[in-house]
Amino acid sequence: MLHVWLSGIEGLLQLRELTFLALGMAIGLVFGAIPGLGGSTALALLMPLTYGLEPFTALALSGGVMGAVPMGGSITAILLNAPGTAPNAATCIDGYPLAQQGKAGLAIGAAASANSLGGIIGTISVLAVLPVAKELVLLFGPPEFFLLAILGLVVVATTSRGKMLRGLVTGGFGLMVAFIGYDNVSGDVRFTYGVEYLWDGVRLVPALIGLFAVAEMINLMVKGGAVARDAGTVKITRTMSGVIETFRHPGTVLRGSLVGTVVGAIPGVGGVVASFLSYSLTVQASKDPDSFGKGNIEGVIAPEAAINAKDCSALIPTLAFGIPGGAEMAVFLGILVLHGLQPGPLMLIQNQTEIYGLVWALTASCILASCIGLLLIRPLAMVTLIESEVLAPIVICIALVGSFAIDGQIGNVVVTAVFGILGYLMLRFDYPRLTVVVALVLGGTAERSFHQAMMMNNGSWSIFVDRWVSALLLAVIVILLGSPALRILTRRVRKRPIAVEEPQT
Amino acid sequence: MRRVFGTPIVDYLPALVLWLLTAGYLVTAYGYSVESRVMPALVAWSMLALLMLDLISRTQTRFGRALTRWLNPAAAQVEAASPDRDTARRQFAAVLWLAGLATALLLIGVLYAVPVYVAASLRLRGRRSYTVCLAAGAGMALLVWLLFAVLLQINLYPGLLFGGA
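This structure is a prediction, so every number in the text was calculated from the model and none was measured.

**A look at the overall build of chain B**
The helix and strand inventory of chain B stands at 7 helices and 2 strands. Reading the secondary structure of chain B in the N-to-C direction produces β-β-α-α-α-α-α-α-α. The C-alpha radius of gyration computed for chain B amounts to 23 Å, which surpasses the reference 15 Å derived for 165 residues by more than 25%, pointing to a less compact arrangement than a globule. Across its three principal axes, chain B shows a C-alpha extent of roughly 60 × 45 × 25 Å. Burial analysis of chain B (165 residues in total) assigns 41% to the buried set. The contacts of chain B with a sequence gap of at least 6 include a subset with a gap of at least 24, amounting to 51%. Surface exposure of chain B reaches about 9,200 Å², of which carbon and sulfur atoms provide 70%.

**Describing the packing of aromatic side chains**
All names here are of chain A. Under the defined criterion, the tally for this structure stands at 11 aromatic pairs over all chains. The interplanar angle of 65° and the centroid separation of 5.4 Å between the aromatic rings of F450 and W461 together place this pair among those described as edge-to-face. With F450 in helix α22 (residues 434-456) and W461 in the loop between α22 and α23 (463-466), this pair connects stretches of sequence that are 11 residues apart. Between W461 and F464 the ring centres are 6.2 Å apart and the planes differ by 55°, which places this aromatic pair in the tilted class. One aromatic cluster in this structure is built from F146, F450, W461 and F464. Sitting above the plane of the F429 ring, R428 keeps its charged end 4.8 Å from the centroid.

**Describing the pattern of salt bridges**
In the structure shown here, the tally under the stated rule is 11 salt bridges over all chains. Among the ionic pairs, D430 of chain A bridges to R166 of chain A, the shortest N-O distance being 3.8 Å. Highlighted residues: D430 of chain A in the loop between α21 (411-428) and α22 and R166 of chain A in helix α9 (residues 164-178), separated in sequence by 264 residues. One network of salt bridges, with partners in common, ties together K163, R166 and D430 of chain A together with D54 and R58 of chain B.

**Let's talk about helix α6 (residues 110-124) of chain B**
The end-to-end C-alpha distance of α6 of chain B, which contains 15 residues, comes to 21 Å, matching closely the 21 Å that a straight helix rising 1.5 Å per residue would cover. By the burial criterion, the buried members of α6 of chain B are V110, A113, V114, P115, Y117, V118, A119, S121 and L122 of chain B. In this structure, the buried side of α6 of chain B is in contact with α20 (388-405) of chain A together with α5 (85-108) and α7 (130-151) of chain B.

**As for the packing of α5 of chain B against α6 of chain B**
Residue and element names in this part refer to chain B. Packing of α5 against α6 brings their axes to within 8 Å, and their N-to-C directions diverge by 155°. Our classification of the angle between α5 and α6 gives roughly antiparallel. Here the hand of the crossing between α5 and α6 comes out right-handed. Contacts between α5 and α6 pair W97, L101, A104, L105 and I108 from the former with V110, Y112, A113, V114, Y117, A120, S121 and L124 from the latter.

**Comments concerning the interface of chain B and chain A**
Residue-level contacts link 67 residues of chain B with 63 residues of chain A. When the two sides are added together, the surface that chain B and chain A hide from each other amounts to roughly 5,800 Å², 76% of it contributed by carbon and sulfur. For the chain B face of the interface with chain A, the top three residues by lost area are M39, W70 and L98 of chain B, together amounting to 12%. Remark: the boundary between chain B and chain A carries 1 salt bridge.

**Section: the environment of L142 of chain B**
Residues and elements named next belong to chain B. Tracing the sequence through the fold places L142 in helix α7. Judged by its relative accessible area of 48%, L142 falls in the partly exposed class. Put simply, L142 and P115 are 27 residues apart on the chain and 9.0 Å apart in space, counted from C-alpha to C-alpha.

**As for unusual backbone geometry**
A positive phi angle is found at N458 of chain A, which is not glycine, with a value near 50°. The class for N458 of chain A is exposed, based on a relative accessible area of 75%. Located in the positive-phi region is R127 of chain B, a residue other than glycine, with phi close to 55°. In this fold, R127 of chain B is placed in the loop between α6 and α7.

**Describing the nonpolar core**
Counting residues in hydrophobic clusters, the biggest one holds 104 residues, and the most contacted among them are F332 of chain A together with V114 and F148 of chain B. When residues no more than four places from it in sequence are discounted, the contact partners of F148 of chain B are V401, G402 and A405 of chain A together with Q153, I154 and L156 of chain B. Among the nonpolar cores identified, the runner-up in size contains 82 residues, and M164, L434 and A453 of chain A together with A41 of chain B belong to it.

**Some details on the environment of G64 of chain B**
All names here are of chain B. In this structure, G64 sits in helix α3 (residues 62-71). Residue classification places G64 among the buried residues on the basis of a relative accessible area of 0%. Dropping the residues within four chain positions of it, G64 is found in contact with I56, S57 and T59.

**Here's the deal with the confidence of the model for chain A**
Per-residue confidence for chain A averages 80 on the pLDDT scale, and 84% of its residues sit at or above 70. In this model, residues 499-505 of chain A is a region of pLDDT below 50 whose contacts with residues beyond four sequence positions or in other chains number 0 contacts.

**Quick word on α7 of chain B**
Across its 22 residues, α7 of chain B extends 30 Å between first and last C-alpha, which sits within 8% of the 32 Å expected from 1.5 Å per residue. Remark: the principal bend of α7 of chain B, roughly 30°, maps to W145 of chain B. Buried within α7 of chain B are the following residues: C133, G137, M140, A141, V144, L147, F148 and A149 of chain B. The secondary structure elements touched by the buried residues of α7 of chain B are α20 of chain A together with α6 of chain B. Following α7 of chain B by one or two positions, Q153 of chain B has its phi on the positive side, about 55°.

The rules behind these values
- Residues numbered from 1 in each chain as written.
- Chains lettered and ligands numbered in written order.
- Predicted model: local features only at pLDDT ≥ 70, side-chain atom pairs only at ≥ 80, totals over all residues.
- Heavy atoms only, no water.
- Helix = DSSP H or I, 4+ residues; strand = E, 2+ residues; numbered from the N terminus.
- Rg over C-alpha atoms; globule rule 2.2 N^0.38 Å.
- Buried < 20%, exposed > 50% of the residue type's maximum accessible area, 1.4 Å probe, protein only.
- Contact = heavy atoms within 4.5 Å.
- Areas by Shrake-Rupley, 256 points an atom, 1.4 Å probe, with all protein chains shown as cover.
- Phe/Tyr/Trp six-rings, centres within 6.5 Å; stacked < 30°, edge-to-face > 60°.
- Lys NZ or Arg CZ within 6 Å of the ring centre and 35° of its normal.
- Salt bridge = Lys/Arg side-chain N within 4 Å of Asp/Glu carboxyl O.
- Expected span 1.5 Å × (residues − 1).
- Axes fitted to C-alpha atoms, helices over the stretch in contact; angles between N-to-C directions.
- Parallel < 35°, antiparallel > 145°, perpendicular 65-115°, else oblique.
- Left-handed = near helix turned anticlockwise from the far one by under 90°.
- Buried area = accessible area lost by both parts, 1.4 Å probe.
- Core = buried A, V, L, I, M, F, W, Y, C linked by side-chain atoms within 4.5 Å.
- pLDDT = per-residue confidence, 0-100.
- Bend = angle between axes of the 7 residues up to and from the residue.

Okay, here's the thing in structure tokens:
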């Protein structure tokens, strides 16, 4: 096994491969930082350009892009509350409040180091898991996918800082939106009201740009001033403190990385679930859960570690079964096929050097992109000092044009604007936005898996309790939904005064 | 302001509007085949129930307060107070600027809408000089053109008035 790992490293340490790795990293950082673009867009644009390259070089380029995108995305998530990529939305929750407090350097430092560590732990996990990947992926069937989608929603709702009911409401709203468009099961076109653009449903990325980037800019325009509330407090000198903070929370890094690794290995679930699940578990494990959402550094570390670990483990289903874990992996699958590499169990045997070369490229990119991110903190953090009158129109323009650029549909601009207003209203009326994102991502998977599960069992719901993995997931959902009641009951029992027998006189 | 069950009417509005939207969604769902409507209807019925709980939790009744304590404890501290006249005006203006840009992009396309929006916004909202506004508008248009049209090879939308579809 060792010689295969080494041959992967050896293949990567060639001048041409390193050059393309660096090029991929630079592209990944830029595409990650621009809301609306992201890894799948970058890979899709690069795909035809890799045609003339050797397969190994193309994989080095792809690995560079995929490893650097999360770092680019976290920079805008922290500084502008505009996640460059969908999974970075979880970083906004605590990263942006830190930027508002003038601690952008601290947050980006922590994000960069968590990114690196997550990537390394993810790689170690992949190296360990790749040989036994088949068993892990086969544990999950349609009923488990359906329940996993519901679990994702419930977890995010229950950790919406004391707003579980509103979290569930916005999650339900997100699901309703996710059902718009062509239904793969019945062939019907639903809830489009004659709008042709909606046949493909409401696109995730334009909606996400609206909910976060545009909504935040509307909020900034209403409040006035700059992102950092007090310009005098912006300390860009604390970058290393952020790195140190990450090492001071090894449990958070490890938890996030493991969540990312496990979720990444399950096809169709994706980075959003990984980052939000990691965040939610960190909130639940914390001794001070109320501090989350107000600028807790662990709220930055947890999702960032998960995102990069997920990127590594998402290779497992893609390479082993040809099942892409998400949009980015789907495009990457195209690159593999373009270069004559047929993903599937045979690839694990025939193309080991390429596979391990790719894993190392991804890891190197995670670490190097984080270092570049750290070097860029100082100029980037200055963005938080720009007045809203200047910043808002620029960000809104890039957000709307970026949403158009995804697939050249002008309808995306309307979706971004509508979701921007909706996101602002949610901010204004104190409804959590994160459950909408999770619902939009998982809605399609949930519905498809539900139908498949029902077909598997002739329409009987018992399939959700017959299989041990689904029964376990169902139990976790029930416990989470009952957790507020349990918490209050526990508190009452604790508060009840203990009856003390008075000494008889 | 008029109150219902001890809460200003405006505080019920978000849940009420969403309830009505969901009811409309449910009615539409029942127009589709059974297979198509299973999940949407399931979610919509759950939404109606959740929104009813949300509405009740907003009342200042005993049950409403208990619901808030159980399911929305943080919401109790941040009851949406109606904004003052100035804030309401700024909210309306911010939404109007966004709608204006989206409409301009649709009508006159990216390369005209972006500089016009940036220059107008800097002039009318930021009170910057004409020179700064024009330079910023042109700079932004150049940035968008270089990034999207040149680097990414994306055909920028020309606008409905200039041949866009």
